[in-house]
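# A look at the structure
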Amino acid sequence: MVAGAVLLTAACATGTDPAEVEYYLDLSDQPMEASAVELATVDGQAWRFTDVAEDRLTLLFFGYTSCPDVCPMTMAEIDLALESAEEAAEDVDVVMVTSDPERDTDTQLRSWLDRFDPGFQGVRGDIGDTVEAAADYGIPIEAPQETEGEYLVSHGGRIVVLTAGGEAAGMFDEGVEADQVASLLPVLIEELL
């Protein structure tokens, strides 16, 4: 019985080790430096990636409000993950930077995020600055383009985990599910804070 309990404990521990989880890119040994780009919150306050709280993790996502699939699904999964993580969620902030700042007004972005959680922070800025900031974190986005009546907006797929000073300590893969995020958050909080 004791041997079975030890094996079960070892299996559970292996499943939540950030370096061994397939849906998470662990950068904690060599975190990516914070982007120096300055944007603004939906409340009109200047915001930098270095402004993230020192005693909390920040989940960062680049997306846009009229996205039909990836962006709303990602934000919904983050919201569910924080509900499931319960106590650990108290140490996590969520920031979404719009990749469509011309159409995502402050009001539009705030209203859209409120559907998921009023505590989620919306951030906007010049599209050139936004593309630069995303690139600083290895997230490939481009300025929106209109061709043949189609308005095309690119966005990131990964959720970046920021620590104090805005450094990226890791990334959840595109399509990650709420239970995967929720199971890893307590481990990340313990290791990174």
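The text that follows walks through the structure, step by step, so that each part is easy to find. What you are looking at is a predicted structure, and each value in this text was computed from that prediction instead of being measured.

This part covers the side chain of threonine 58. Tracing the backbone through its elements, the reader meets threonine 58 in strand β4 (residues 57–63). Its relative accessible area of 1% is what places threonine 58 among the buried residues. Among all residues touching threonine 58, those that are not within four sequence positions of it are Val52, Asp93, Val95, Val160, Val161 and Leu162.

Okay, the pairing of strand β2 (residues 38–41) next. Of the strand pairs in this sheet, β2 and strand β3 (residues 46–48) are connected by 3 bridges, and their pairing is antiparallel. Paired with leucine 39 across the two strands is tryptophan 47, which belongs to β3. Here β2 hands over to β3 after 4 residues, with glycine 44 in that stretch at a positive phi of 85 degrees. Pairing of β2 with strand β6 (residues 121–124) involves 2 bridges; the strand directions are antiparallel. Paired with alanine 40 across the strands is arginine 124, a residue of β6.

Attention shifts here to the pattern of salt bridges. The final tally for this structure, using the stated rule, is 6 salt bridges. Ionic pairing is found between arginine 103 and aspartate 100, a salt bridge with its closest N-O pair at 2.7 Å. Here arginine 103 falls in the partly exposed class, since its relative accessible area comes to 39%. Classification of aspartate 100 as buried rests on a relative accessible area of 0%. One salt bridge in this structure joins aspartate 106 and arginine 124, with 3.1 Å as the shortest N-O distance. Linking aspartate 106 in helix α3 (residues 106–114) with arginine 124 in strand β6, this pair joins segments that are 18 residues apart in sequence. Aspartate 106 sits in the partly exposed class, given a relative accessible area of 27%. Classification of arginine 124 by relative accessible area gives partly exposed; the value is 21%.

Let us look at the sheet that holds strand β10 (residues 168–172). Strands sit in the order β1-β10-β9-β4-β5-β6-β2-β3 across an open sheet of 8 strands; the sheet is mixed. In this open sheet, the two edge strands, each paired with only one partner strand, are β1 (24–26) and β3. On average, adjacent strands in this sheet sit at an angle of 30 degrees to one another, irrespective of strand direction. By the bridge criterion, 3 bridges tie β1 to β10 in an arrangement that is antiparallel.

Position of threonine 163 among the secondary structure elements: in the loop between β9 (159–162) and β10. Those residues in contact with threonine 163 that sit more than four places away from it in its chain are Val52, Leu57, Ala169 and Leu192.

Okay, the state of the cysteines next. Summed over all chains, the structure comprises 0 disulfides. Cysteine cysteine 71 is unpaired, with the sulfur of cysteine 67 as its nearest cysteine sulfur at 3.3 Å.

Here the distance between the centres and the angle between the planes together describe a pair of aromatic rings. Applying the stated criterion to the full structure yields 6 aromatic pairs. Taking the centre distance of 4.9 Å and the plane angle of 70 degrees together, the rings of tryptophan 112 and phenylalanine 116 count as edge-to-face. Phenylalanine 116 carries the same exposure label as tryptophan 112, and that label is buried. By the ring-pair criterion, three or more aromatic residues cluster together here, those being Trp47, Phe49, Phe62 and Tyr137.

Here the focus is the packing of helix α2 (residues 70–85) against helix α5 (residues 178–192). Where α2 meets α5, the axes come as close as 8 Å, and the angle between the chain directions of the two elements is 45 degrees. By the criterion of interaxial angle, the relationship of α2 to α5 is oblique. At the point where α2 passes α5, the crossing takes the right-handed sense. Contacts between α2 and α5 involve Glu77, Leu80, Ala81, Leu82, Ser84 and Ala85 on the former and, on the latter, Ala178, Val181, Ala182 and Leu185. Its residues assigned to classes, the contact of α2 with α5 comprises 8 nonpolar, 1 polar and 1 charged.

The rules behind the values
- Residues numbered from 1 in each chain as written.
- Predicted model: local features only at pLDDT ≥ 70, side-chain atom pairs only at ≥ 80, totals over all residues.
- Heavy atoms only, no water.
- Helix = DSSP H or I, 4+ residues; strand = E, 2+ residues; numbered from the N terminus.
- Buried < 20%, exposed > 50% of the residue type's maximum accessible area, 1.4 Å probe, protein only.
- Contact = heavy atoms within 4.5 Å.
- Pairing = 2+ DSSP bridges.
- Salt bridge = Lys/Arg side-chain N within 4 Å of Asp/Glu carboxyl O.
- Axes fitted to C-alpha atoms, helices over the stretch in contact; angles between N-to-C directions.
- Disulfide = S-S within 2.5 Å.
- Phe/Tyr/Trp six-rings, centres within 6.5 Å; stacked < 30°, edge-to-face > 60°.
- Parallel < 35°, antiparallel > 145°, perpendicular 65-115°, else oblique.
- Left-handed = near helix turned anticlockwise from the far one by under 90°.
- Nonpolar A, V, L, I, M, F, W, Y, C, P; charged D, E, K, R; others polar.

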